[in-house]
Structure formats: C-alpha cells, structure tokens
Amino acid sequence: MAEQEYAVQIQNVSKSFGAAKVLDDISLNFEKGKIHGLIGRNGSGKTMLLKCICGFVVPTSGSVLVSGLQVGKDVDVPPSVGIIIEAPGFLPNYDGFTNLKFLAMIQKKIDKEKISSTIQRVGLDPKSKKHVGKYSLGMRQRLGIAQALMEDPDLLILDEPMNGLDNRGVDDMRKLFMSLRDEGKTILIASHGKEDIEILCDTVHELDSGHLIS
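As a convention, each chain's residues are numbered from 1 in the sequence order in which they are written. Per-residue local features are limited, in this predicted model, to residues with pLDDT of at least 70; the limit for side-chain atom pairs, both in listing and counting, is 80 or more; totals at the level of whole chains, interfaces and linings are taken over all residues. Neither water nor hydrogens contribute to the side-chain values; these are computed over all heavy atoms in the structure.

A.B. asks: Whenever I open this one, the overall build of the protein confuses me. Can you help?
C.D. replies: A run of DSSP states H or I qualifies as a helix once it reaches four residues; a run of E qualifies as a strand once it reaches two. Both are numbered from the N-terminal end. Scanning the protein for helices and strands turns up six helices and ten strands. To get the radius of gyration, use the C-alpha atoms; to get the globule rule, take the number of residues to the power 0.38 and multiply by 2.2 Å. Whereas a compact globule of 214 residues would reach a radius of gyration of roughly 17 Å, the protein reaches 17 Å, a difference of no more than 12%. Structurally, the protein occupies a C-alpha span of about 50 × 35 × 35 Å along its principal axes. A 1.4 Å probe rolled over the protein chains alone gives each residue an accessible area, and that area as a share of the maximum for its type sets the label: buried under 20%, exposed over 50%, partly exposed in between. A buried classification covers 47% of the 214 residues belonging to the protein. Contacts are assigned to residue pairs that have any heavy atoms within 4.5 Å of one another. Sequence-distant contacts, at least 24 apart, represent 66% of the contacts inside the protein between residues at least 6 apart. For the accessible areas, the method is Shrake-Rupley and the probe is 1.4 Å, while residue cover comes only from the protein chains on display. Summed over all atoms, the accessible surface of the protein reaches about 10,700 Å², with 47% contributed by carbon and sulfur. By the counting scheme adopted, Arg and Lys are positive, Glu and Asp are negative, and His together with the chain ends is not counted. Lys charges are placed at NZ, Arg charges at CZ, Asp charges at CG and Glu charges at CD. Of the side chains in the protein, 26 bear a positive and 28 a negative charge, and the two mean positions are spaced by 7 Å.

A.B. asks: Looking at this model, I keep getting lost on the pattern of salt bridges. Mind explaining?
C.D. replies: Pairing between side chains of opposite charge can happen when the charged atoms of each approach one another. Basic side-chain nitrogens of Lys or Arg form a salt bridge, by our definition, when they fall within 4 Å of a carboxyl oxygen of Asp or Glu. One pass over the full model with this rule turns up eleven salt bridges. The shortest N-O distance in the salt bridge between K21 and D24 comes to 3.5 Å. The class for K21 is partly exposed, based on a relative accessible area of 46%. Accessibility expressed as a relative area gives 23% for D24, which makes it partly exposed. The partner of D202 in a salt bridge is R181, with the nearest N and O atoms 3.2 Å apart. Of this pair, D202 sits in the loop between α6 (194-200) and β9 (203-208) while R181 is found in helix α5 (residues 167-182), placing the two residues 21 residues apart along the sequence. Put simply, R142, R168 and D172 are held in one network by salt bridges that share partners.

Structural data, given as structure tokens:
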C-alpha cells in the first residue's frame, strides 16, 4: 500500500524511562478513513503509544510519521489532529462554549458558529450558561470530544473516549464516531471496553507490557 494511504506509520518505536521499557519495538500502520482500536490492560503501553503519535513524548528509538511527516523531526506536533488523552482540562468557572472559544483563539481557524455546531453535535447545548465545574463527568467528556472535533481534524486520537458516559452517551458517541469515519476521518481509539472496540473498529491491535501481541 502506498505511504500516502496511511494516516499514521509507527516504525520500530521503543520508549524507556531508565531501566523500565514502556514500549518495545512497536511497528504499526494505520490506514486513512478507518477506526483503529488499541486494547490492553492498564500499563500495557496504549496511552504511551498515543502520546508518541501526538508528539507529547519522544520515543527512545524508532520513528512516528503522521501524514508522511516525522513527529519530532519534521513537525513537533502533527497537524490536523484532534486529541483526548486523559481527562480533558477546562476552566471550571466558565461555560462550555466559552471554554471552547478560548481554545479556538489559539489557532484562529474556526468561528463561533462552528463551535456551536460542534457542541450540538456531541449532544450539549451551546447556549447553556452552566459552568463546566458544575458539569457531570459525562458532560465533561462530551465537551472534551467537542474540543477534539471542533477544528475539523483529519485524525482523531481518543484515549478512553467513553469514560464517564452513561449508556445513552456511549450510544451517541458510537454513532458520532461512525459518522466521522463515513466523512473520511481516521480515528485511533484506546479503550478497555471490548464492546466499543468490536462495534466501532475496522482493525484491532493488542498491547501487553509494551509489546505488540496482535
């Protein structure tokens, strides 16, 4: 398959902290326009691998290419990527729309209408004045997904995106992710939820103690 058909190419990536090897010689390619799942127990290396793809962590050895650009060499942070890794951080004394407006001012790529429509797309009310500090865990997670989506990225990197969501929220997000795939987005999901992975993912890879086992 031609390189340009891959959204992400991971080539012999290892990551160590002192004597502890967190990732051990991982090589994976993720095709564009599909949902790819990463599974594994806590400490298996899923989150660390996603952090290497995002440019948050520099591999000890090996390389990561996103859209053909080597992360840490050609770019510090890959372009056109929406990210949820760990709990989304928001300003608790502002409403959801204002939080996303502040974040949107960094890149200045989108307007208020795009922010509003994205908030609606994840099932929240963009006109609500409720402070994020008063949000339920599920509402915060929906807002985090809106943050990842709002600038219309080509690639979404989502670490446990269903955290805190009730059954309706999980169903809503599954439908959203499948519709994004239909729009041509590439999505990487790390999840403990086998059902989410089975329903959503076109490919599934398992990590165990930093090793790729499937």
